[in-house]
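Spelled out from the first residue to the last, the chains are:
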Amino acid sequence: MEIKEERPLNFIERIIEDDLKAGRVPGNKIVTRFPPEPNGYLHIGHIKAICINFGLAEKYGGTCHLRLDDTNPAKEEQEYIDSIKDCIHWLGFDWGEKTYYASDYYDQLFDIAVRLIKEGKAYVDSLSPEEMKEYRGTLTEPGKNSPDRDRSIEENLDLFMRMKNGEFPEGAYTLRAKIDMASPNINMRDPALYRIKYAEHPRTGKKWCIYPMYDYTHPISDAIEGITHSICTLEFEDHRPAYDWATSIDGIEHTPHQYEFARLNINYLLMSKRKLLYLVNNNYVTGWDDPRMPTIAGIRRRGYSPESMKDFVQRVGVAKVESVVDYSLMEFCVREDLNKRAKRLMAVLDPLRIIIDNYPEGQVEYFDAENNPEDPASGTHKVAFTRELFIEKEDFMEVPVKGYHRLYPGNEIRLKHAYYITAQSIEKDENGNIICVHCTYDPESKGGTTADGRKVKGTSHWVSASHSITAEVRQYDKLFKAENPGAATGNYLDDLNPDSLIVIPEARIEEEAKTAKPGDYLQFIRNGYYMADSRDSSPEHLVFNRTVTLKDSWSKMKQKMGI
RNA sequence: UGGGAAGUCGCCAAGCGGUUAAGGCACUGGUUUUUGAUAUCAGCACUCGAAGGUUCGAAUCCUUCCUUCCCAGCCA
């Protein structure tokens, strides 16, 4: 029996259900769209918009279009289109056979513009951008009419055709809607509909030298596609009158409606395309898919699962309040999902040599290690045990602090899946550094339990010194150490975390790690979740990225005790 | 100072005139544990930006005020 999760409807779902109930939706099939401009890589913020639009279509049995809003060829590239598609698929959404492009409507958009001119609702303006700025007025003062506002229809038509035919240089003319230069809403002060731009478009090439503006293109594209609910972010709220203006142009039959929600902000993260670009260009990170980047390509390479991101967005909710979500919620979602699916391996990142004095030299035993205790069906794999082993330096203390129940002289701990061992003596070099710890094991504790049922408080992971492999492990952490990068000094670079990447060139990992491929979710027991790096990992040189740490109440306790 | 929006626990977020003001994250404490993980139990807003008012009854309705965000691209 499926347990349906009870979740209150968000305000958009409520609107949709009302519309459905009232019969306001043609054929009772809602149509949404995800309309990115292909001018960069998708980031975590986009995941929210993707999940809302595709999710709503799924939930109400409608469809969601992928539409590339490609009306500014100066900024757009095919590479971005490909990357956007790839990211949406990674998230597990599909838009069907047809990919929509605003550029597919250029002809229709042009015809509608001609009609507007003929109806006296649009005019060709010769004001320069600087003059236009002046004529537009300010937030508190109304604008004034352009001298070209009353140009004759014939002249407008002629000029517009010549704009299209490439007779004028960029900036010479624009086509503007004749609305109201005194409107309190600046977006309604005769907004530009078309501008001249001699740029090669990724799809239409050099066919056009005039390109339609967002406020004109977007609503009409929605109308053409039969979009019922056009969902965008809050900053477009005061574009809604422009949206409604465009969809009520004579001859446009379908009337979609725009609804706005708060974009996703997460503390410690930067979503600004400009700033991210700066980090890439100045080598603060290795690229757009650097595992520390908040791009979809980055978190994917880092080892985040699409399911966890969808769950995250679900938990954040959809509302109109500008909010900043805690990074810890995202990490929680990643851990929760990975806990259920990650294969457990033992990796020693900071090795300390252990010698089991009473274990026969040259002997190798293979123990069964469960792949995932959360999922018994996932089976087991073999792990080799020998006389010489490595454990984490952290798991041994010559003089234990209060509350420490790992290995220390005289203390007995369990080596996971293997035996109980007791530390006997320490070997040091001339500088007093510990070279190795001599231990004894209890042969009766094979598998990690004893017949007498005695308990040990500590269980450590370990790796055989001879039967383990080395691998590079990249310990990733937050890129910024401030919740709001740049808030303190005005420069976000000041808040860069110098420890956002710590490379461990030669960590020791059990041999089973050889089987791990990029895309396989791993947990290095007691260390965190990891994934083989999709760029740099190879069978000859394994590289693992830390996705996220495990929750660590011990380090919290240490901190509290001031250790 | 024009217009548009928003203010409910540290962070999200339900709530739509009658509830002891959901839930999640975070945090705190206990239990279990062959991961100091996971799991599990318990605690965590006499109060809803503020002040007035309407009402038998207000987070929900009204008034005023306060705070924050967005808008002056031939970007989206």
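Keep in mind that what you see is a predicted model, and the values were worked out from it rather than measured.

(A) Expanded view of the confidence of the model for chain A. Of the residues in chain A, 99% have a pLDDT of 70 or more, and the chain-wide mean is 96. Both scores are available for the predicted complex, with the pTM at 0.96 and the ipTM at 0.97.

(B) Just the side chain of Ser468, in detail. Position of Ser468 relative to the elements: it lies in strand β21 (residues 468-476). Separated by 2.6 Å, the side chain of Ser468 and the backbone oxygen of Ser464 make a polar contact. Polar side-chain contacts of Ser468 include one of 2.9 Å to the side chain of Arg508. With near-sequence residues (within four places) excluded, Ser468 lies in contact with Val463, Arg508, Ile509 and Glu511.

(C) Here's a closer look at the packing of aromatic side chains. Under the counting rule described, the total for this entry stands at 26 aromatic pairs. The interplanar angle of 15 degrees and the centroid separation of 5.0 Å between the aromatic rings of Phe110 and Phe160 together place this pair among those described as stacked. Of this pair, Phe110 sits in helix α4 (residues 106-118) while Phe160 sits in helix α6 (residues 153-164), and the two are 50 residues apart along the sequence. With respect to burial, Phe110 and Phe160 carry one shared label: buried. Ring pairs connect the aromatic residues Tyr106, Phe110, Phe160, Tyr194, Trp208, Tyr211 and Tyr216, which therefore count as one cluster.

(D) Highlighting the protein's contact with RNA strand B. In the vicinity of RNA strand B, 70 residues are found, and the nearest of them are Glu322, Arg406, Arg414, Gly447 and Gln523. Among atoms of RNA strand B positioned within 4 Å of the protein, sugar and phosphate together represent 65%. Here a base nitrogen of RNA strand B and a backbone polar atom of Pro129 are 3.3 Å apart. Within the contact set of RNA strand B, a sugar or linking oxygen lies 3.1 Å away from a side-chain nitrogen or oxygen of Lys416. Of all the elements in the fold, those that place two or more residues in the surface near RNA strand B are α5 (129-136), β6 (192-196), α11 (306-316), α12 (327-341) and α13 (553-561). With 5 residues, α13 is the single largest residue contributor to the surface near RNA strand B. Class assignment of the residues belonging to the surface near RNA strand B gives a composition of 26 nonpolar, 20 polar and 24 charged.

(E) How the structure looks around the sheet that holds strand β19 (residues 459-460). If you walk across this open sheet you meet the 7 strands as β19-β16-β17-β18-β12-β15-β20, and the pairing is mixed. Lying at the two open borders of the sheet, with one neighbouring strand each, are β19 and β20 (463-464). Both strand β16 (residues 412-415) and β19 contribute to a ladder of 2 bridges, which runs parallel. The residue of β19 that forms the bridge with Arg414 is Thr459.

(F) How the structure looks around unusual backbone geometry. Phi is positive for Tyr268, close to 70 degrees, though the residue is something other than glycine. In this fold, Tyr268 is placed in the loop between β9 (257-261) and α9 (273-281). Although it is not a glycine, Arg526 sits at a positive phi angle of roughly 70 degrees. Within the fold, Arg526 resides in the loop between β23 (522-524) and β24 (528-532).

(G) A nonpolar patch on the surface, seen in detail. Taken together, the side chains of Met557, Met561 and Ile563 make up a nonpolar region of the molecular surface, amounting to roughly 260 Å² of accessible area. Take Ile563: it is sitting in the segment after α13.

Cut-offs applied
Once a new chain begins, its residue numbering starts again from 1 and follows that chain's sequence as written. As they are written, the chains are lettered A onward and the ligands numbered 1 onward, keeping that order. The predicted nature of this model means local features are confined to residues of pLDDT at least 70 and side-chain atom pairs, given and counted, to a pLDDT of 80 or more, with totals for whole chains, interfaces and linings taken over all residues. Each side-chain value is worked out from all heavy atoms of the structure, with water and hydrogens disregarded. Think of pLDDT as the predictor's per-residue confidence, scored from 0 to 100. Strands are runs of DSSP state E lasting at least 2 residues, helices are runs of H or I lasting at least 4, and numbering of each runs from the N terminus. In protein, a polar contact means a hydrogen-donor-capable atom and an acceptor-capable atom, both N or O and within 3.5 Å, with residues adjacent in sequence counting only if both atoms are side-chain atoms; elsewhere, any N or O pair within 3.5 Å suffices. The contact definition used throughout considers only heavy atoms, calling two residues in contact when any of these lie within 4.5 Å. Aromatic pairing here means that ring centres of Phe, Tyr or Trp (its six-membered ring) are within 6.5 Å. Orientation follows from the plane angle: under 30 degrees is stacked, over 60 is edge-to-face, and everything else is tilted. Relative accessibility decides the category of a residue: with a 1.4 Å probe and only protein chains considered, values under 20% of the type maximum give buried, values over 50% give exposed, and everything between is partly exposed. Any residue with a heavy atom positioned within 4 Å of a molecule or strand is treated as near that molecule or strand. Throughout this entry, Asp, Glu, Lys and Arg are counted as charged residues, while Ala, Val, Leu, Ile, Met, Phe, Trp, Tyr, Cys and Pro are counted as nonpolar. The remaining residues, Gly among them, count as polar. Pairing between two strands is assigned when DSSP locates at least 2 bridges connecting them. Patch definition: residues above 30% relative accessible area lacking any salt bridge, with like charges linked at up to 9 Å and the nonpolar side chains Val, Leu, Ile, Met, Phe, Trp and Tyr linked at up to 5 Å. Reported accessibility uses the Shrake-Rupley method at a 1.4 Å probe radius. Residues are deemed covered only where the shown protein chains occlude them. Every case where a carboxyl oxygen of Asp or Glu lies within 4 Å of a side-chain nitrogen of Lys or Arg is listed as a salt bridge.

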